[in-house]
Amino acid sequence: MIMEKISKSQIKLVRSLQMKKFRDETGLFVAEGEKCVEELRKGFEVEYYIQTADADRPATPDRTQTGLRPDRVLLATPKEIEQMSGLRTPQGIVGVFKKRPIEDWRLKIEDIILVLDGVQDPGNLGTIIRTCDWFGVHEIVCSKDTADCYNPKVVQATMGALARVRIHYTDLVEWLSREEKVRIYGTLLEGENMYEVLGNGGLINGDASLNGGLMPQVIIMGNEGNGISAEVRKLITHPIRIPSYPQNGASEVVESLNVSIATAIVLAEFRRQE
């Protein structure tokens, strides 16, 4: 393992990774905080690891059993960490990781796959990724205008779940159109009551149950302000909504739920039905 003083060019590089342009050019992304960095090391190759020179913790903790211990540890002053940090309160530990390679993929839908159509808030995307990790949803398919999963705000919000949930970006209409025998659920204000649709063990119009594995499930969540786009709506086979209480309409104050909260409620119900 090599330990060396961080250079000005390396500081500049880490700072540049706050911007998508440079993340795309370099194939790198950044994470901060010991817990987040350690979790990400389980699923991503480490470029280098940065810590304060006077840190009271080892650069490669003994508890890491991933085989991804970095070969290079860069030592920085607290001021240099602050210059590189995107957090209001820097945590003294920074990891620079290599993004996963872009694959020519055709995702085989076997379980639940979450689809995000135009979810643009990094905090929402990060929370959704973390929620998917909790509920055992390992694949998320995103429209091309969904927030970048390597945005530092997204990475921090996932708390390391990004290492276990794969994120794909594609043309949703093209991808959904070529999938056969797939139930496509979409959350719409005019959809049917989710609990009534998914009641009775998940049976819908006599087709396969959620637990039967005969028919894969796609769940689409839409943009924070506009919901699911018109083109994608046409492909929904089962429009659903989370009912408000009392069930005589949405609150006069709150028109809709935050998309990350709505995702958690929907995934919880799908898993409960299993």
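Up top you'll find the structure we're talking about.
The model shown is predicted, which means the values in this text are computed figures rather than measured ones. (Residues numbered from 1 in each chain as written. Predicted model: local features only at pLDDT ≥ 70, side-chain atom pairs only at ≥ 80, totals over all residues. Heavy atoms only, no water.)

Participant: For the overall build of the protein, give the residues involved together with the corresponding values.
Facilitator: Scanning the protein from terminus to terminus reveals 10 helices and 11 strands. Split into buried and exposed, the 274 residues of the protein put 49% on the buried side. For the protein, the computed accessible surface area is about 14200 Å², with 49% contributed by carbon and sulfur atoms. (Helix = DSSP H or I, 4+ residues; strand = E, 2+ residues; numbered from the N terminus. Buried < 20%, exposed > 50% of the residue type's maximum accessible area, 1.4 Å probe, protein only. Areas by Shrake-Rupley, 256 points an atom, 1.4 Å probe, with all protein chains shown as cover.)

Participant: Outline the nonpolar core, supporting the account with residue identities and numerical values.
Facilitator: Of all hydrophobic cores here, the largest spans 45 residues; its most connected members are L40, L114, L116, I129, I140 and L162. The greatest single-element share of this core, amounting to five residues, is contributed by helix α10 (residues 259-273). When neighbours within four sequence positions are excluded, I129 is seen to be in contact with I140, C149, V154, T158, A161, L162, V165 and I167. (Core = buried A, V, L, I, M, F, W, Y, C linked by side-chain atoms within 4.5 Å. Contact = heavy atoms within 4.5 Å.)

Participant: Describe the side chain of D148, and please don't skip the residues or the numbers.
Facilitator: In this structure, D148 sits in the loop between β7 (139-143) and α6 (152-158). Discounting chain neighbours no more than four positions away, the residues touching D148 are K20, R23, L125, V154 and Y169.

Participant: Can you tell me about the pattern of salt bridges, naming the residues and giving the values?
Facilitator: Taken as a whole and judged by the stated rule, the model has 12 salt bridges. A salt bridge links K20 to D24, with the shortest nitrogen-to-oxygen separation between them at 2.7 Å. Of this pair, K20 and D24 both sit in helix α2 (residues 20-26), four residues apart, roughly one helical turn. Its salt-bridge partner being E47, residue K98 comes within 3.9 Å of it at the nearest N-O pair. Of this pair, K98 sits in strand β5 (residues 93-98) while E47 is found in strand β3 (residues 46-52), placing the two residues 51 residues apart along the sequence. Salt bridges sharing common partners tie together E39, K42, D133 and R164. (Salt bridge = Lys/Arg side-chain N within 4 Å of Asp/Glu carboxyl O.)

Participant: Go over the pairing of strand β10 (residues 217-222) with me, naming the residues and quoting the values.
Facilitator: Most of β10 sits out of view: six of its six residues are buried. Because side chains alternate across β10, one face comprises the buried residues Q217, I219 and M221, and the other comprises V218, I220 and G222, equally buried. Here six bridges tie strand β6 (residues 112-117) to β10, and the two strands are oriented parallel to one another. The partner of I112 across the bridge, within β10, is Q217. As paired strands, strand β9 (residues 183-193) and β10 are joined by four bridges and run parallel to one another. Bridging from a neighbouring strand, I184 pairs with V218 of β10. (Pairing = 2+ DSSP bridges.)

Participant: Go over the environment of E82, please, and point to the residues and values.
Facilitator: Note that E82 resides in helix α4 (residues 78-84). The exposed category is assigned to E82, whose relative accessible area is 54%. Along the backbone, E82 and G92 are 10 residues apart, and their C-alpha atoms lie at a distance of 8.2 Å.

Participant: Which residues make up the packing of helix α5 (residues 122-134) against α10, and what values do they have?
Facilitator: Axis separation between α5 and α10 bottoms out at 8 Å; the angle between their running directions is 15°. Relative to α10, α5 is oriented roughly parallel. As for the relative orientation of α5 and α10, their crossing is right-handed in sense. Contacts from N124, T127, I128, T131 and C132 of α5 reach α10 at V259, S260, T263, A264 and L267. For the contact of α5 with α10, the per-class residue count stands at five nonpolar, five polar and no charged. (Axes fitted to C-alpha atoms, helices over the stretch in contact; angles between N-to-C directions. Parallel < 35°, antiparallel > 145°, perpendicular 65-115°, else oblique. Left-handed = near helix turned anticlockwise from the far one by under 90°. Nonpolar A, V, L, I, M, F, W, Y, C, P; charged D, E, K, R; others polar.)

Participant: Mind laying out α10, listing which residues take part and the relevant values?
Facilitator: In this model, α10 (15 residues) spans 21 Å end to end at C-alpha, consistent with the 21 Å of a helix rising 1.5 Å per residue. Restricting attention to buried positions, one finds in α10 the residues V259, S260, A262, T263, V266, L267, E269, F270, R271 and Q273. Where α10 is buried, its residues meet β6, α5, β9, α8 (194-197), β10 and β11 (238-241). (Expected span 1.5 Å × (residues − 1).)

Participant: Describe unusual backbone geometry, naming the residues involved and giving the relevant values.
Facilitator: Its identity is not glycine, yet M159 carries a phi of approximately 55°, on the positive side. Inspection of the secondary structure assignment puts M159 in the loop between α6 and β8 (166-170). By relative accessible area, M159 is classed as partly exposed at 28%.

Participant: Could you give an account of α5, naming the residues involved and the relevant values?
Facilitator: Helix length check: α5, at 13 residues, gives a terminal C-alpha distance of 19 Å against a target of 18 Å (1.5 Å per residue), a fit within 8%. Among all positions in α5, only P122, N124, L125, G126, I128, I129, T131 and C132 are buried. In this fold, the buried residues of α5 make contact with β6, β7, α6, β8 and α10. Sitting at the head of α5, D121 places a side-chain oxygen 3.0 Å from the backbone nitrogen of G123. Once α5 ends, the next one or two residues include G136, with phi positive near 70°. (Polar contact = N/O pair within 3.5 Å; in protein donor to acceptor, adjacent residues only side chain to side chain.)

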